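# What the coordinates show
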Amino acid sequence: LPRIPRASKIALEVGRPSDVRGDAFFGRVFDDQENWDRVNFTLDDVKSDAKWITTAKELKKKNVDMGGDALKLKQMLASRGGQEPAMPEGKSEKYSWKQSSDDVEVTIPVDSKVRSKDVKVDLKSKSLAISVNNNCLISGDLFSVVRASESNWSMSTEGNGKEISIMMEKAAEKTWSSLFKE
């Protein structure tokens, strides 16, 4: 389904970072523990300067957890100008990784003499192992499940060397906090 940018931005503004797709419905209710009632939601209520949005922004600035987990709160606070929240990524001596809502990409620099036939990528739904000439570069249990059959790898020339890139399709749109389980 296509992403709904305005609904996604409103969700982000009020502390509920979300990639809203398909139909979006906003509603408002009155609930004082005794009475519950639907209340009209006007076009003015979805403007960026609406009272409830400015209040949510103030709470966000004070780091008040509005019901989301810590990772979502960090993403919300890191967002800029209506862009999608920054997704966690990482870098180590051996590799770097980044993600989108659908994919995780791992990049490993290797010597310029390495050929594709020297590389072995063992990708399973819950694990990843990469070796060059039978020397293990990285190996571990993935943070979450991927669709190994929908994933691929390639090797390209970068500067004075080469790099191996592994593109893994996430089995679910889940934000990873690391590449491997800790």
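Here the structure is shown first, and the text comes after it.
Quantities reported herein were computed from a predicted structural model and do not represent experimental measurements.

## Things to note about the side chain of serine 178
Its location among the elements puts serine 178 in the segment after strand 10 (161-170). Here the side chain of serine 178 touches phenylalanine 180 through a polar contact of 2.7 Å, landing on its backbone oxygen. Once you skip the residues sitting within four places of it in the chain, serine 178 turns out to touch Trp97 and Phe143.

## Comments concerning the sheet that holds strand 6 (residues 119-123)
Strand order in this open sheet of three strands is 6-7-8, and the pairing throughout is antiparallel. Only two strands of the sheet have a single partner each, and these edge strands are strand 6 and strand 8 (135-141). Neighbour-to-neighbour, the strand axes of the sheet open up by a mean angle of 5 degrees, direction not taken into account. Here strand 6 runs beside strand 7 (residues 127-132); their pairing, made up of five bridges, is antiparallel. Bridging across to strand 7, lysine 120 finds its partner in serine 131.

So, how was this worked out
- Residues numbered from 1 in each chain as written.
- Predicted model: local features only at pLDDT ≥ 70, side-chain atom pairs only at ≥ 80, totals over all residues.
- Heavy atoms only, no water.
- Helix = DSSP H or I, 4+ residues; strand = E, 2+ residues; numbered from the N terminus.
- Polar contact = N/O pair within 3.5 Å; in protein donor to acceptor, adjacent residues only side chain to side chain.
- Contact = heavy atoms within 4.5 Å.
- Pairing = 2+ DSSP bridges.
- Axes fitted to C-alpha atoms, helices over the stretch in contact; angles between N-to-C directions.

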